[in-house]
Amino acid sequence: MRALVAVGLLAVLALVFVVVALVRDTQSNAGIAEGCPDDWPRANVTLPERKDVKIKVLNGTDRPGLAAVIGDDFRNRDFQVVSHANSKKKIDAVAVLRYGPQGVGSAHLLQAYFLGRAKLEYNPGYDDAGVVRVVLGNQFQQLATTTEVNQSLGDLGAPVAPPGSCPVVNEK
């Protein structure tokens, strides 16, 4: 009988603990820009669907026509390719992803197509409706397969607001 009383008391204490934890939860506004300085940009940290991602593909290599070929590859994967062209500057990395506050989630998704090896260049001044500039570099070989992208997204985790910006979840 004493054991039942002890177990019952522990169950009641556990229930009280859970209720107090839920009532005092300070993360209920996680992902919302409350408490953010007014002059900081609001970064869209929602992971978008491919069909909602707009990109400009730039060739930062000496390989002619690479931007057009990879642009078509992105189109075949349901991305919105706004344009493709040659970059004025050659890139030695796999790729560089340039984006602004509205492109944070899109750049995170695109990073998975480069298996996390693309260099990220966030610019809070970019105001281009979330378009991400994908500059292909000399170390680029090919885009990742669907399976590799899914594994890479798991490794990368959720999109995070860059320093100097506040996360905002874009509810559709």
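The preceding data block contains the structure.
All values reported here derive from a predicted model rather than from experimental measurement. (Residues numbered from 1 in each chain as written. Predicted model: local features only at pLDDT ≥ 70, side-chain atom pairs only at ≥ 80, totals over all residues. Heavy atoms only, no water.)

Asker: Tell me what's going on with the state of the cysteines, and back it up with residues and numbers.
Answerer: Tallied over the full model, the rule gives one disulfide. For Cys-36, the disulfide goes to Cys-166, at an S-S distance of 1.5 Å. Across the S-S bond linking Cys-36 and Cys-166, the dihedral sits near 80 degrees, which makes this disulfide right-handed. Residue Cys-36 is found in the loop between α1 (2–23) and β1 (42–44), and its partner Cys-166 is found in strand β7 (residues 166–168); the two are separated by 130 residues along the sequence. The two residues Cys-36 and Cys-166 agree in class, both being buried. (Disulfide = S-S within 2.5 Å. Helix = DSSP H or I, 4+ residues; strand = E, 2+ residues; numbered from the N terminus. Buried < 20%, exposed > 50% of the residue type's maximum accessible area, 1.4 Å probe, protein only.)

Asker: I'd like a description of the sheet that holds strand β2 (residues 54–59), backed by residues and values.
Answerer: Taken in spatial order, the five strands of this open sheet run β3-β2-β6-β4-β5, and their pairing is mixed. With partners counted over all chains shown, the strands left at the sheet margins are β3 (80–86) and β5 (119–122), one partner each. Adjacent strand axes in the sheet meet at a mean angle of 20 degrees, parallel and antiparallel pairs treated alike. Of the pairings in the sheet, the one linking β2 to β3 comprises six bridges and is parallel in character. Note on β3: the bridge partner recorded for Val-57 is His-84. (Pairing = 2+ DSSP bridges. Axes fitted to C-alpha atoms, helices over the stretch in contact; angles between N-to-C directions.)

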